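# Structure assessment
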Amino acid sequence: QAMRGYVDAINAIAAKHVQRLPTERPEPVFPLMKDLLTEVAATIFFGLEMGDPTARTLMRDFVVMNEGLIAFVRTERNIPGLAFPKAMRASRRIEAYFRSVIAQRREGGGSDVLSHLCRATDDDGQWIPDEEIVRQAKFLFFAAHDTTSSSMTNLLMFTGIDDTWQRAMRDEVSRVLGDRPITYEIGRAHV
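Computed from a predicted structure; not experimentally measured. The residue numbering used here restarts from 1 in each chain and proceeds along that chain's sequence as written. Local features are withheld for residues below a pLDDT of 70 in this predicted model, meaning they are given only at 70 or higher, and side-chain atom pairs are given and counted only at 80 or more; totals for whole chains, interfaces and linings count all residues. Side-chain measures were taken over the full set of non-hydrogen atoms in the model, leaving aside hydrogen atoms and water.

## Observations regarding the pattern of salt bridges
- We define a salt bridge as a side-chain nitrogen of Lys or Arg found within 4 Å of a carboxyl oxygen belonging to Asp or Glu. Scanning all chains against the criterion turns up eleven salt bridges.
- For Glu95, the salt bridge identified is with Arg99, shortest N-O distance 3.6 Å. A residue pair is termed a helical-turn pair when its members lie 3 or 4 positions apart in one helix, as Glu95 and Arg99 do in helix 4 (residues 83-107) at four residues.
- Whether a residue is buried, partly exposed or exposed follows from its accessible area with a 1.4 Å probe, protein chains only, as a fraction of its type maximum: under 20%, in between, or over 50%, in that order. Look at Arg99 and you get partly exposed, because its relative accessible area is 38%. Helix and strand labels come from DSSP, where a helix needs a run of H or I of at least four residues and a strand needs a run of E of at least two; each type is numbered from the N terminus.

## Thoughts on the side chain of His17
- Within the element layout of this structure, His17 appears in helix 1 (residues 2-19).
- Take His17: its relative accessible area is 10%, and that puts it in the buried class.
- Engagement of the side chain of His17 in a polar contact is seen with the side chain of Glu39, the distance being 2.8 Å.
- Residue contacts follow a heavy-atom distance rule, with two residues in contact if any of their heavy atoms lie within 4.5 Å. Setting aside its immediate chain neighbours within four residues, His17 contacts Asp35, Leu36 and Glu39. Whenever a nitrogen or oxygen atom comes within 3.5 Å of another N or O atom, the pair is scored as a polar contact, on the condition that within protein one atom can donate a hydrogen and the other can accept it, and that pairs from neighbouring residues in sequence are kept only if both atoms are in side chains.

## Here we look at helix 7 (residues 163-176)
- For a helix, the expected span equals 1.5 Å multiplied by the residue count minus one. Helix length check: helix 7, at 14 residues, gives a terminal C-alpha distance of 20 Å against a target of 20 Å (1.5 Å per residue), a fit within 8%.
- Phi for Gly178, located one or two positions after helix 7, is positive at around 65 degrees.

## Side note on the nonpolar core
- By size, the foremost hydrophobic cluster in this structure holds 28 residues, and its most contacted members are Phe46, Leu48, Leu58, Met59, Phe62, Phe98 and Leu114.
- If you list the elements that add at least two residues to this core, you get helix 1, helix 2 (29-45), helix 3 (53-69), helix 4, helix 5 (113-119) and helix 6 (130-160).
- Broken down by element, the residue count for this core peaks at seven residues, all from helix 2.
- What Met59 contacts, discounting residues up to four positions off in sequence, is Thr38, Ala41, Ala42, Phe46, Met50 and Phe141. Side-chain atoms within 4.5 Å link the members of a nonpolar core, which is a set of buried Ala, Val, Leu, Ile, Met, Phe, Trp, Tyr and Cys residues.

## Describing the packing of aromatic side chains
- Under the pairing criterion, centres of Phe, Tyr and Trp rings, with the six-membered ring standing for Trp, must be within 6.5 Å; the plane angle then separates stacked pairs below 30 degrees from edge-to-face pairs above 60, leaving the rest tilted. Per the counting criterion, the structure on display carries six aromatic pairs.
- Centre to centre, the rings of Phe45 and Phe46 are 5.9 Å apart; their planes meet at 80 degrees, and the pair counts as edge-to-face.
- Looking at Phe45, the relative accessible area reads 15%, which means it is buried.
- An aromatic cluster of at least three residues, connected via ring pairs, comprises Phe45, Phe46, Phe62, Tyr97, Phe98 and Phe141.

## Description of the packing of helix 3 against helix 4
- Two numbers describe how helix 3 lies on helix 4: the axes approach to 8 Å, and their chain directions differ by 140 degrees. As judged from the angle between their axes, helix 3 and helix 4 are oblique. Regarding helix 3 and helix 4, the two cross each other, and that crossing is left-handed. Of helix 4, the residues touching helix 3 (which contributes Thr54, Leu58, Asp61, Phe62, Val64, Met65, Gly68 and Leu69) are Ala83, Phe84, Lys86, Ala87, Met88, Ala90, Ser91, Arg93, Ile94, Tyr97 and Phe98.
- Ten residues, namely Ala, Val, Leu, Ile, Met, Phe, Trp, Tyr, Cys and Pro, are considered nonpolar, four, namely Asp, Glu, Lys and Arg, are considered charged, and the remaining ones, Gly among them, are considered polar. Tallied by class, residues from the contact of helix 3 with helix 4 come to 13 nonpolar, three polar and three charged. To obtain each axis, a line is fitted to C-alpha atoms, and for helices this fit is confined to the stretch in contact; angles are then taken between N-to-C directions over 0 to 180 degrees. Roughly parallel covers angles under 35 degrees, roughly antiparallel covers those over 145, roughly perpendicular covers 65 to 115, and oblique covers all other angles. If you view the pair so one helix is near and one far, a crossing is left-handed when the near helix is turned anticlockwise from the far one by less than a right angle, and right-handed when it is turned clockwise.

The values reported here are purely geometric and, on their own, carry no functional implication.
So, in structure tokens, the structure goes:
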């Protein structure tokens, strides 16, 4: 049931981002994809609205953490200009945020992924430990954000340089969707 709601939320977020696309000048696609997927992550993974200052701060910390974790120089010494110490500070802020909302999410009825994780139990009916929830939530963003942004950017780039693929994709979308939006049922039937 949650997946059905996620598709509707993603459709709304994508429509908003498409409306904001620049039409008068070329624009690098990768940052646009990262912005789109950051909002999707905030909404679907964590149940936050991007207008909320907490969401903006948390998503900014995720980006800082992701960029810093692949830094060449990996020391936590606070040396100006190094990305890794910034990533570690951002990681600690993210962990503190997750720890601060676990109890509330366990009591609530949220349908975001974090809320589901907080209400999940093991085979003995015990809550999943808080630290495991924190690790899983961080990993979810890390694993999904850059990889999906990169994949979508590459898809657009390679499709953009090949008219044959563009036509094939347009034909398939027209055949499958027509004028209808993507729904859970349509997506599931065509995977």
